Amino acid sequence: MNSLKSVVANVPSLTKALVTTLVCTSLASYIYIYRLEINAEPDHPATPVCPFIGLLPGFAFYTPWTFLTAAFYEDNIFTLLGSVLVLLFCGKYLERAWGSKELLKFVVITAVLSNVVTWIGILISFYISQDDKFLYSTQINGMSGVFSAFLVAFKHLVPEHRIAISGGMISIRVKNLLGVATLISIISLVLFQAIVFYNLVNIGWVIGWVYIRFFKYQDGIQGDRSEAFAIVTFFPEFLHPIIGFISNHVYGFLCKIKLCKPGPRPYHDLELGSTAPVPGSARAEAERRRALALKALDMRLSKTPNSPANAAESSSRLENDSSVLFDADANTTSAETDEPLSNKQ
């Protein structure tokens, strides 16, 4: 009970609203499907879909709002409970780091665009196979796309921190969480033919990366053009030459059609190739990340007794590059500073 109280304590307003929306829309869908099932004829069982909240490809033109509402609908109670917990933890942290307005924008963009791209993929599957189940039985729903985009946001903010479970017996660095999510999506696709889940996870993180990389404003700076956040850092090292070659050409094309703005890079970047260095840019990026971490640390310290012992403990943890972002046993969220970027001037 104490653990549950600590999870929901001091939850920011937008995160509460998102969780409430997720629970209400999911419960409304359960009621709708239950009524369909009890009124269905024995020879014609009802299809367990809710076309007014979930995104059903064949009805999308008649219910365009479902491109957004589908993200806030989990089709079973277990995924609903899991999504509520993840949204509480991640939303709470990101809302304090970014602010309510920026978090809302990020959630809406990643939810809608990941659903749109997945919908297009389902339509292509229908035209190839001519199987009606892709239009009227395959429902697109769930927070998977948004959550995979959240992992990109954490990689951007605190890549070297780690998630600890059971007092540190199980731990993983934040920057590796996306690889775990991708692996789970591949296993789900192979074993359970979970094509919607697979698409949402792998489309969601790409959309989240594009937004943070090129469009998100932070401290008056648009995007994060650092080498540490290049697209190749999301893939195994042996794939870097291939991904770098593809990303260079895609980025160049997007710049030509004015979808992305070319700009000076602080050092060699794999989206543009070699460019002239901009003095101080790497240091400016490191200082920006340090300022964000210190801001989050101040918020954390403001909720604990102000004593020299606490201050000394927090200062020592600031210097520890393997510090814990979240410990499931203690249910605490830390915001110690990232490791500075390499001093490439």
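Keep in mind the model is a prediction, meaning the values are calculated, not measured.

(A) Layout of the overall build of the protein. Counting its regular elements, the protein contains twelve helices and six strands. When burial is assessed residue by residue, the protein has 43% of its 345 residues classed as buried. In the protein, 67% of the contacts between residues at least 6 apart in sequence involve partners at least 24 apart. Just so you have it, the protein exposes about 18,000 Å², and 66% of that area is on carbon and sulfur atoms.

(B) Up close: helix α4 (residues 77–98). A rise of 1.5 Å per residue sets the reference length of α4, with its 22 residues, at 32 Å; its end C-alpha atoms lie 30 Å apart and thus fit the reference within 8%. One side-chain oxygen of the residue at the start of α4 lies 3.0 Å from the amide nitrogen of phenylalanine 78, identifying that residue as asparagine 76. Looking one or two places after α4, you find glycine 99, whose phi comes out positive at around 100 degrees.

(C) Broad picture of the packing of aromatic side chains. Summed over the entire model, instances satisfying the criterion amount to 16 aromatic pairs. Ring centres of phenylalanine 106 and phenylalanine 150 lie 6.3 Å apart, and the angle between their planes is 15 degrees; on these two criteria the pair is classed as stacked. Here phenylalanine 150 lies in helix α7 (residues 144–157) and phenylalanine 106 lies in helix α5 (residues 100–129), a separation of 44 residues in the sequence. Phenylalanine 106 sits in the buried class, given a relative accessible area of 0%. Look at phenylalanine 150 and you get buried, because its relative accessible area is 1%. An angle of 70 degrees between the planes, with centres 5.9 Å apart, marks the rings of phenylalanine 229 and phenylalanine 234 as edge-to-face. Taken as a pair, phenylalanine 229 and phenylalanine 234 share a single burial class, namely buried. One aromatic cluster is present, formed by Trp98, Phe106, Phe147, Phe150 and Tyr211 through successive ring pairs.

(D) Molecular detail of the layout of surface pockets. A volume near 1,400 Å³ is recorded for the largest pocket. Lining of the largest pocket is provided by 44 residues; of these, Gly82, Val86, Ser144, Phe147 and Phe197 occupy positions nearest its centre. When contributions to the lining of the largest pocket are tallied by element, the ones reaching two or more residues are α4, α7, β1 (162–165), β2 (170–173), α8 (177–192), α9 (195–215) and β5 (324–327). Of all the elements, α4 adds the most residues to the lining of the largest pocket, at eight residues. Considered class by class, the residues forming the lining of the largest pocket number 30 nonpolar, twelve polar and two charged.

(E) Summary view of the side chain of serine 185. Residue placement: serine 185 occurs in helix α8. Those residues in contact with serine 185 that sit more than four places away from it in its chain are Phe197, Tyr198, Val201 and Asn202.

(F) Quick peek at the pattern of salt bridges. The full count for this structure, using the stated rule, is three salt bridges. Where lysine 105 meets glutamate 102, a salt bridge forms, and the shortest distance between an N and an O atom there is 3.9 Å. Here lysine 105 pairs with glutamate 102, and both are found in helix α5, just three residues apart, close to one helical turn. For glutamate 160, the salt bridge goes to lysine 175, with nearest N and O atoms at 3.0 Å. Residue glutamate 160 is located in the loop between α7 and β1, and its partner lysine 175 is located in the loop between β2 and α8; the two are separated by 15 residues in the primary sequence.

(G) Structural view of the environment of glycine 179. Following the sequence through the fold, glycine 179 ends up in helix α8. Taking the C-alpha atoms as reference, glycine 179 lies 7.8 Å from phenylalanine 234; in sequence the two are 55 residues apart.

Analysis parameters
- Residues numbered from 1 in each chain as written.
- Predicted model: local features only at pLDDT ≥ 70, side-chain atom pairs only at ≥ 80, totals over all residues.
- Heavy atoms only, no water.
- Helix = DSSP H or I, 4+ residues; strand = E, 2+ residues; numbered from the N terminus.
- Buried < 20%, exposed > 50% of the residue type's maximum accessible area, 1.4 Å probe, protein only.
- Contact = heavy atoms within 4.5 Å.
- Areas by Shrake-Rupley, 256 points an atom, 1.4 Å probe, with all protein chains shown as cover.
- Expected span 1.5 Å × (residues − 1).
- Polar contact = N/O pair within 3.5 Å; in protein donor to acceptor, adjacent residues only side chain to side chain.
- Phe/Tyr/Trp six-rings, centres within 6.5 Å; stacked < 30°, edge-to-face > 60°.
- 1 Å grid on protein atoms, 1.4 Å probe; cavity = no way out; pocket = protein on both sides within 12 Å on 5 of 7 lines; lining within 4 Å.
- Points joined across faces, edges and corners; volume = space filled by probe spheres on them.
- Nonpolar A, V, L, I, M, F, W, Y, C, P; charged D, E, K, R; others polar.
- Salt bridge = Lys/Arg side-chain N within 4 Å of Asp/Glu carboxyl O.

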